[in-house]
Every structure is written in C-alpha cells, then in structure tokens.
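# Examination of the molecular architecture
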Amino acid sequence: MIKKLLFLLCTISLTANLFAQLQSTSPKPSSAQLAWHQLEYYWFAHFGPNTFTGEEWGSGNESASLFNPTNLDTRQWCRIAKQAGAKGIIITAKHHDGFCLWPSRYSNHTVRESKWKNGKGDVLKELSEACKEYGLKFGVYISPWDRNHPDYGTAAYNQVFVNMLKELFTQYGPIWELWWDGANGEGPNGKKQEYNWNLYRKTVEQLSPQTLIFSDVGPHVRWVGNEKGIAGITNWNLLNTDGFEAGLKGPPTDTLGTGNKFGKYWIPAECDVSIRPGWFWKGSENKSVKSPQQLFQLYLKSVGRGANLLLNVPPDATGKIAIEDSVALVELKKLIDSNFKSDLVGKNGIRISKTRQVTEVKLNKPIRANCITLMENLLDGQNCSQFSIQLFNQSKQEISIIKGTTIGAKRILTFPTVEISSIKLIITEQKGTVNLGGLSLYHIDENLIEPIHP
Ligand code: FUL
C-alpha cells in the first residue's frame, strides 16, 4: 500500500515537473511582438508605377515619368485609416518593378527621375510624417526582387539592397514593421538573385532592433500562407523555421496557416488581403471593392483566429484613397464597434468561478447571444490546445457545445443564436497553464455570420 502511494506521489511530481519544464522552455513573445498582437488590424498601401499602368507586376522598363500623382495626400490616407480603426500603414517602398518611392542614391529608377514635384518629391517622407502626426505605425514593404536594377542577379546587388535598407532606417524611422516579399524572379539581365537574407537581417537588427521583420519565416511575424486574409482555424504563434528560407524555400503554406504546436520560435501569423481584386488601384475595379460585410467576415477569420489583419487599401492615381474604399472601411469600423460594443457577460455575468481548467459564468437573466470571444494572455506563451464551451439554459440543460483548439491573442466563435443562462469553458488540453485573458459574450447581427463556425 505504502509502495503504491509512493509510486503515485512520484508520478504526480514527475508529471508536474515535466509540465513546469515544458512551460518554461516554450517560446514567449518579445515585448515588441506582444505590442504587435494588440494592434489587430492595419493597412497595406500598394502604390507605384503600377497605379498608373494598371499592371500588377511592372516589368521594370516603365518610364519613371509615368509616376505622377496629381494630388498626393498622405494625410488623407492617415485620416481615413484612423477613422476606419486601422493602427498603421505599411507602404510598398519598392515593388518588383524596382521603382523607389524615395530618392534612393542606389537606383536610377525613383521618384527623383519622375515628373512628380519636378523630381523633388518623396512619398516615404510624406507618409512617415503623416503617420507620426496621426499616431499611426509606419511600416515598409521592400521587394528584394528588382526587375529594373542593373546589378540584380550579381553579388553586388546584395549590397545595393543593404544600402537601400540603410537609407530607409536612417531617414524615415522609426519603422515598426518591415515586410519582406520572398518573390525571386529574373532581373533585367535574365538572372535570378541569390538573396543574402542573413546579411539583410543583421543590417536591420543593427539599425533598428525593435523593428518587426515579416517574411515566410519571420523572424518576428510570418506570412499566413495565403493572400485571402484567412488564418488557420488552429493557429499557433509558434513556427519551426530551421532549414527554411523566405520565398520558395519557405515552410508549406498549410503549416504557415496553422503554425507548429511545438514550434521553436514565436512567429505569429499576419493575414494579408486586398480590399480590391488586385493589389494596386485600377479604375476598372472601383465597383469590385469588398463590402463592409465581406471585410467583417475577414476580420472574424483573421483577428478572430488569433492573427493580425493586414488589409491592402491602394491609393489611386491622384494619390488619394478612393471614395469606394473609404466608405467600405468606415462602415467596417462601425460594424466592428457596434457588434462588439457591449459584452453581455460584463453587463450580466454574476458569478465567475474559476479553477485551473474550468471557468464558469452565470448570467443574472437568460441572454440571447450568438458569439463568444476568448483571449489568452500571451505573456506566458500560447498554451491552450483544446477547449470546449458548454452553454446551458435556465433549467440547467446543455443547449449547445462549441469545441475548438487554439485561442491565442483572440478567438471569436460564432454559433446560431440561443438563450443562455450559464457558460462553462473547459480547457480540455493544454501545453502549459492557460492564462485566460478574457471571456465575453455578444449578440452580433445574424446576417454577418456564417451558419456554423468554426
Ligand atoms: C506578393 C507580390 O507578388 C504581390 O504583388 C503583392 O505585393 C503581395 C502582397 O505580395 O508576393
């Protein structure tokens, strides 16, 4: 009997030890990443010669004089971004066509060679200043693939790219997020470039250690594996990147969507998607701007799955955000605000009993609802790998059960409307102790949700 008891005690303490060990070795977000998680939603701005030619991938042979916005107004972009609830703007400083939106000393294909402002203009200067004025984060997309630069495809180009990065960080900082496109096509001499990612990364780390670098493999933020704005239903903020590189040598796209449960590094997913069919503005697509309801769906499938939403809002050829886009964006903000305005638990939840794995909420009267949001406090890492939520009516009968896997920064779960008297959340599987940051209940507009979710 005593032997059995000792054996049991040993097993319990070994399991507890293993649990504590797992928790302490599991990756955690840096403070810059924690702050990034809180932003939830911000903009992409694709702008350049393509805005004037209607191309998606410029050849690099376009004349610089094509770039000539008649009324560039980056403050208008920021005003609408603010009104629309976006937290920052990431601009295409250089797309695959090689055209630089700043007068780079390392290229002959820039705003300086254009007619805009007689070659004296600088889009990055204007946008970085406007972002500061409006309290928005400023980010930069810079494509290493360059279809214009004569050095592309030779070792010298890696230094050109480094020099360009240096210009960006020394002249337009602070740069909050740097977006690295892994695309690697041919340059003007028909050759592809061997990118020196380590050199690029070291350059940025030296100049701006707080900047979050995005690519297929992070190191700080990862591509979600599609350009539809949709994260995996299971979405770990962890990823194994050893042996992978940005671009074609990246992890499989479905892995990018879900992350790795036991991933070695904290590299959360960012969902990029355009408000229009293309990434660059085209007059012909003015009627195809996504509706506020479609954008709300994307919000649920990105932010609502613990990722961030990077929504592309391309300025038009005058240099402003078109009316079609701004109307949809301001409406989106209204939908988010009105539907998530009142947390019905906050208003009516009387008693919350909480143990390590079970959280119970009793409501002081039956409430009609169709949405629950969960949040995990990520300071201790991401730990929930399976949960179930039971919904009970007044007679304490279970009326619905919702099962899910990961929670992360935020998890938005929708279900057919029911009248609820109490809620029981059970963490059925966890990697380490789940630190629940919030459980809220809403009744959102039924036309906005798909029948069953997840
Ligand atoms: C891709 C590019 O090829 C597209 O043009 C766009 O910039 C998108 C965000 O990234 O890799």
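Reading the values: the criteria
- Residues numbered from 1 in each chain as written.
- Predicted model: local features only at pLDDT ≥ 70, side-chain atom pairs only at ≥ 80, totals over all residues.
- Heavy atoms only, no water.
- Phe/Tyr/Trp six-rings, centres within 6.5 Å; stacked < 30°, edge-to-face > 60°.
- Helix = DSSP H or I, 4+ residues; strand = E, 2+ residues; numbered from the N terminus.
- Buried < 20%, exposed > 50% of the residue type's maximum accessible area, 1.4 Å probe, protein only.
- pLDDT = per-residue confidence, 0-100.
- Core = buried A, V, L, I, M, F, W, Y, C linked by side-chain atoms within 4.5 Å.
- Domains from an automatic or database assignment.
- Contact = heavy atoms within 4.5 Å.
- Pairing = 2+ DSSP bridges.
- Axes fitted to C-alpha atoms, helices over the stretch in contact; angles between N-to-C directions.
- Expected span 1.5 Å × (residues − 1).
- Salt bridge = Lys/Arg side-chain N within 4 Å of Asp/Glu carboxyl O.

## Some remarks on the packing of aromatic side chains
- Evaluation of the coordinates by the stated rule reveals 24 aromatic pairs.
- Residues Y141 and W179 carry aromatic rings whose centres are separated by 5.5 Å and whose planes lie at 20° to one another, so their mutual orientation is stacked. Remark: W179 occurs in strand 4 (residues 177–180) and Y141 occurs in strand 3 (residues 137–142); sequence separation between them is 38 residues. Comparing Y141 with W179, the two get one shared label, buried.
- Ring geometry for F161 versus Y200: centroids 4.7 Å apart, planes at 55°, classification tilted.

## A short note on the confidence of the model for the protein chain
- On average, residues of the protein chain score 94 in pLDDT, and 93% of them reach the 70 mark or higher.
- The secondary structure element of the protein chain with the lowest average pLDDT is helix 1 (residues 2–25), at 52, and the one with the highest is strand 10 (residues 308–312), at 99.

## Description of the nonpolar core
- Membership of the largest hydrophobic core comes to 78 residues, with the highest contact counts inside it found for W43, I89, I142, L168, W180 and F340.
- Sort the elements by how many residues they give to this core and helix 6 (residues 156–171) lands first, with 8 residues.
- Mapped onto the domain boundaries, this core takes at least three residues apiece from domain 1 (28–339) and domain 2 (344–442).
- Ignoring any residue separated from it by four or fewer positions in sequence, one finds I89 in contact with W43, A45, W77, C78, A81, L127, C131, L136, K137, F138 and G139.
- Of all hydrophobic cores here, the second largest spans 25 residues; its members include L344, I367, C384 and L439.

## Notes on the sheet that holds strand 6 (residues 221–223)
- Sheet architecture is closed into a barrel: 8 strands sit in the order 1-2-3-4-5-6-9-10, paired in parallel fashion. Across the sheet, the axes of successive neighbouring strands diverge by a mean angle of 25°, strand direction being ignored.
- With 2 bridges connecting them, strand 6 and strand 9 (residues 269–274) associate as parallel partners. Residue pairing for strand 9: R222 is matched across the bridge by A269.

## Digging into helix 6
- Counted at 1.5 Å a residue, the expected span for helix 6 with its 16 residues is 22 Å, and the 23 Å between its end C-alpha atoms agrees.
- If you check which residues of helix 6 are buried, you get Y157, N158, V160, F161, V162, N163, M164, L165, E167, L168 and F169.
- Elements in contact with the buried residues of helix 6: strand 2 (88–94), helix 5 (123–134), strand 3, strand 4 and helix 7 (197–207).

## Structural notes on the pattern of salt bridges
- For the structure on display, the rule yields 15 salt bridges.
- Where K94 meets D146, a salt bridge forms, and the shortest distance between an N and an O atom there is 2.6 Å. Highlighted residues: K94 in strand 2 and D146 in the loop between strand 3 and helix 6, separated in sequence by 52 residues. One exposure class covers both K94 and D146, and it is buried.
- Between R105 and E167 there is a salt bridge, with its nearest N and O atoms 3.9 Å apart. With R105 in the loop between strand 2 and helix 5 and E167 in helix 6, this residue pair connects regions lying 62 residues apart in the sequence.
- A residue is classified by how much of its surface remains accessible, and R105, at 64% relative accessible area, is exposed.

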